[in-house]
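# Chains, contacts and geometry: an overview
Chain residues, written in single-letter form:
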Amino acid sequence: MGFSAGGHLASTLATHATGADLPAFQVLFYPVITMDASYTHQGSRDNLLGTNPSQALVDLYSNEKQVTASTPRAYVCWGTGDRTVPQANSLNYVAALEAAGVPVHTLPLNVANHGFGFKTDFAYHDQIVSDLTAWLQSFEPGTTAITAPASTATHDTYYTLTGLRVSPSAKPRSGILVTEGHKCVVLP
């Protein structure tokens, strides 16, 4: 899961990893996807590739160009009027996923905001949480990002997506949890 430049990181993992390192799904919010100077977020591009990258490097990290049929399914949410990361990043990535036959769920929001994430005072917060929850619950039972479901994991600490620590005695049975060193989705 990634937001903005973190969306680039998450989509890079989803499009470049193979084998056991390949996640089962990707969740992207207003992601930087491309390194194409005409519609990237310039600061993200400069920080990742430097100020004068080769075309080969630009192409390698323009993740819309790296999608294959093996790319994991995606959830993509963005503001259609985003003035920080142009919506073309999301639109072109979604088009590449669809062209490769990769299932993709989109939630474009008619807002100019960037960085809304899971701000509870954001007008569409409840809609986002509900939509993402429904998408995750549509997976077949037992789908995990990297490891076995948390219900079978033996870790001492769990964290929710918002970073809240969950007591190990709670034995979480549903939701998305990050354990020490492993990411799991646990479905009801």
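Residues numbered from 1 in each chain as written. Predicted model: local features only at pLDDT ≥ 70, side-chain atom pairs only at ≥ 80, totals over all residues. Heavy atoms only, no water.

## Describing the overall build of the protein
Within the protein, the regular secondary structure consists of 5 helices and 8 strands. Going from the N terminus to the C terminus, the protein shows its helices and strands as β-α-β-α-α-β-α-β-α-β-β-β-β. Within the protein, counting contacts between residues at least 6 apart in sequence, those at least 24 apart form 66% of the total. (Helix = DSSP H or I, 4+ residues; strand = E, 2+ residues; numbered from the N terminus. Contact = heavy atoms within 4.5 Å.)

## What about the pattern of salt bridges?
Side chains that differ in charge, positive against negative, can pair when their charged atoms come close. Per the stated rule, a full pass over the model turns up 1 salt bridge. Put simply, Asp-59 and Lys-65 hold a salt bridge, and the shortest N to O gap is 2.8 Å. (Salt bridge = Lys/Arg side-chain N within 4 Å of Asp/Glu carboxyl O.)

## Considerations on the side chain of Arg-45
With respect to the helices, strands and loops of the structure, Arg-45 is situated in helix α2 (residues 42-49). Of the buried charged residues, Arg-45 lacks a salt bridge, with Asp-46 as the closest side chain of opposite charge at 4.8 Å. Dropping the residues within four chain positions of it, Arg-45 is found in contact with Met-35, Asp-36, Ala-37, Thr-40, Gly-50, Pro-53 and Val-58. (Buried < 20%, exposed > 50% of the residue type's maximum accessible area, 1.4 Å probe, protein only. Lys, Arg positive; Asp, Glu negative; His and termini not counted.)

## Focus: the environment of Asn-113
Mapped onto the secondary structure, Asn-113 falls in the loop between β4 (104-109) and α5 (125-137). On the basis of relative accessibility, which here comes to 36%, the residue Asn-113 falls in the partly exposed class. Along the sequence, Asn-113 and Gly-79 sit 34 residues apart, while their C-alpha atoms lie 6.1 Å from each other.

## Some points on the confidence of the model for the protein
Averaged over every residue, the pLDDT of the protein is 82; the share at 70 or more is 74%. Confidence over residues 142-154 falls short of pLDDT 50; this stretch has 23 contacts with residues more than four positions distant or in other chains. Counting contacts from residues 178-183, a segment whose pLDDT is below 50, to residues more than four positions away or on other chains yields 17 contacts. (pLDDT = per-residue confidence, 0-100.)

## What to know about the pairing of strand β2 (residues 25-29)
By the criterion of burial, β2 is predominantly enclosed, with 5 of the 5 residues buried. Along β2, one buried face is formed by Phe-25, Val-27 and Phe-29 and the opposite face, lined by Gln-26 and Leu-28, is buried too. In terms of strand pairing, strand β1 (residues 2-3) meets β2 through 2 bridges, oriented parallel. Bridging from a neighbouring strand, Gly-2 pairs with Leu-28 of β2. Handedness of the crossover joining β1 and β2 through helix α1 (residues 5-16): right-handed. (Pairing = 2+ DSSP bridges. Right-handed = clockwise from strand over helix to strand, strands pointing away.)

## Quick notes on the sheet that holds β2
One open sheet accounts for 4 strands, arranged β1-β2-β3-β4; its pairing is parallel. Looking at which strands have only one partner, the edges of the open sheet turn out to be β1 and β4. Relative to β4, strand β3 (residues 73-79) is paired through 6 bridges, and the arrangement is parallel. The residue of β4 that forms the bridge with Tyr-75 is His-105.

## A word on the nonpolar core
Core analysis: the largest hydrophobic core is formed by 29 residues, its most contacted members being Phe-29, Tyr-75, Cys-77, Leu-109, Phe-116, Ile-128 and Trp-135. If you list the elements that add at least two residues to this core, you get α1, β2, β3, α4 (88-99), β4 and α5. The element that contributes the greatest number of residues to this core is β3, accounting for 5 residues. Setting aside residues no more than four positions away along its own chain, Phe-116 makes contact with Phe-29, Tyr-30, Cys-77, Trp-78, Gly-79, Leu-109, Val-111, Phe-122 and Ile-128. Counting 5 residues, the second largest nonpolar core, distinct from the first, contains Val-32, Met-35, Leu-49 and Val-58. (Core = buried A, V, L, I, M, F, W, Y, C linked by side-chain atoms within 4.5 Å.)

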